[in-house]
Amino acid sequence: MDVLGVDACGKQGWVGIRLTDGAYAGSLVDLRLERLIERAGEVDAVAVDMPLGLVERGWRAADLAARALLGVRRSSVFPVAPRVAWEEQDYTAAAGRCQELTGSRLSRQAWALRPKLLEARACWLADERIHEVHPEVSFYALADEVPLAYAKKTWRGQNLRRSLLAAAGLVLPDELGEADRIPVDDVLDAAVAAWSANRIVLGTANRVPEVPEPDAEGRLVEIRY
């Protein structure tokens, strides 16, 4: 069984960690998500750390439920604006649409994700193997449903995350190949996304919310873990 976990990594595009039967099987880096997935070959599931499903009005129930799980790590999940806000071409218009549909404005931090969000959403709509995950929710599950005490960019946080992955059988080698040049937190996020992808294929993954909302295109708006 082969799966792929993917995280966005700034100007370098996307980083992917591939697993075979739950064990590390290589890394990939590509500017385009579609090309990265193609290069991964035949995989049973792809888990991507990026909002994929979008609702028409209000905040996504998936984000609100994920924040409720995460306690001290809740700020790592930002509320995702309704679909029409992402169709705007500039931040001011998008923030206004978000205010109209949710009662709050879209943050500039969230708006900065727009190109990758739309890229990932297009892939998701075309490929049923692709699922949305959130690394902190996946690490929460990996840690026996306890929010991690240390942030992912800290020394203790990164060591804790790597140790949790190793205990689950996902041992990241010191030399990763293509991902050697990618920031550590992005690699760890891609790795735990792959761990969740493996659970999805096995049928042991959970989801938030318990009852997903519908996306405008007919798929479910949910975070798998």
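These notes cover the structure that comes with them. Not measured: the values here are computed from a predicted model. Every chain's residues receive numbers from 1 upward, in the order its sequence appears when written. Residues qualify for local features only when their pLDDT is at least 70, as the model is predicted, and side-chain atom pairs are given and counted only at 80 or more; totals for whole chains, interfaces and linings, by contrast, use all residues. Processing note: side-chain calculations cover all non-hydrogen atoms of the structure and skip hydrogens and water entirely.

## Some points on the overall build of the protein chain
So, point 1. Under the scheme used here, helices are H or I runs from DSSP no shorter than 4 residues and strands are E runs no shorter than 2 residues, and both carry numbers assigned from the N terminus. On a plain count of helices and strands, the protein chain comes out with nine helices and seven strands.
So, point 2. The size measure is the radius of gyration over C-alpha atoms, and the globule rule it meets is 2.2 Å times the number of residues to the 0.38 power. At 17 Å, the protein chain has a C-alpha radius of gyration in line with the 17 Å of a compact globule built from 225 residues.
So, point 3. Its C-alpha atoms give the protein chain principal-axis dimensions of roughly 50 × 35 × 30 Å.
So, point 4. Pairs at least 24 apart in sequence give 63% of the contacts found in the protein chain among residues at least 6 apart.
So, point 5. Carbon and sulfur atoms provide 50% of the accessible area of the protein chain, an area that totals close to 10,300 Å².
So, point 6. Working convention for charge: Lys and Arg count positive, Asp and Glu count negative, and His plus the chain ends are omitted. One atom stands in for each charge, and that atom is NZ of Lys, CZ of Arg, CG of Asp or CD of Glu. For the protein chain, the distance from the average position of its 28 positive side-chain charges to the average position of its 34 negative side-chain charges is 6 Å. The contact rule is simple, with two residues in contact once any of their heavy atoms fall within 4.5 Å. Where accessible areas are quoted, they stem from the Shrake-Rupley method and a 1.4 Å probe; at the residue level, only the protein chains shown are allowed to cover.

## Some words on the environment of Leu-125
So, point 1. As for its position among the elements, Leu-125 is in helix H6 (residues 114–126).
So, point 2. Between the C-alpha atom of Leu-125 and that of Glu-178, which follows or precedes it by 53 residues, the distance is 27 Å.

## Details of the nonpolar core
So, point 1. The set of buried Ala, Val, Leu, Ile, Met, Phe, Trp, Tyr and Cys residues whose side-chain atoms join them within 4.5 Å is what this entry labels a nonpolar core. Working definition: with a 1.4 Å probe on protein chains only, accessible area under 20% of the residue-type maximum means buried, over 50% means exposed, and in between means partly exposed. The biggest cluster of nonpolar side chains holds 39 residues, and the ones touching the most others in it are Leu-165 and Leu-172.
So, point 2. Of all the secondary-structure elements, those providing two or more residues to this core are strand S2 (14–20), strand S4 (45–49), helix H2 (61–70), helix H7 (135–142), helix H8 (155–167) and helix H9 (184–202).
So, point 3. Per-element tally for this core: the top contributor is H9, with nine residues.
So, point 4. Residues within four places of Leu-165 in sequence aside, it is in contact with Phe-139, Leu-142, Leu-170, Leu-172, Leu-188, Ala-191 and Val-192.

## Things to note about the layout of surface pockets
So, point 1. Lining residues are defined by having an atom within 4 Å of a point belonging to a cavity or pocket. Those points lie on a 1 Å grid over the protein atoms alone, cavities being sets where a 1.4 Å probe fits but cannot get out and pockets being open sets with protein on both sides within 12 Å along at least five of seven lines. Grid points are joined across faces, edges and corners, and a volume is the space filled by probe spheres set on the points. If you add up the space inside the largest pocket, you get close to 870 Å³.
So, point 2. If you trace the largest pocket, you find 35 residues lining it, with Asp-49, Ser-76, Phe-78, Leu-113 and Lys-152 closest to the centre.
So, point 3. Elements supplying a minimum of two residues to the lining of the largest pocket: strand S1 (2–8), H6, H7 and H9.
So, point 4. For the lining of the largest pocket, the element with the most residues is H9, which contributes three residues.
So, point 5. Throughout, the ten residues Ala, Val, Leu, Ile, Met, Phe, Trp, Tyr, Cys and Pro are labelled nonpolar, Asp, Glu, Lys and Arg are labelled charged, and all others, Gly among them, are labelled polar. Grouping the amino acids of the lining of the largest pocket by side-chain chemistry returns 15 nonpolar, six polar and 14 charged.
So, point 6. Empty space within the second largest pocket amounts to approximately 270 Å³.
So, point 7. Surrounding the second largest pocket, 15 residues form its lining, Arg-162, Leu-176, Val-184, Val-187 and Leu-188 being those nearest its centre.
So, point 8. The set of elements that each furnish at least two residues to the lining of the second largest pocket consists of H8 and H9.
So, point 9. Of the residues assigned to the lining of the second largest pocket, the class counts are ten nonpolar, two polar and three charged.

Any functional reading would require information that these geometric values do not contain.
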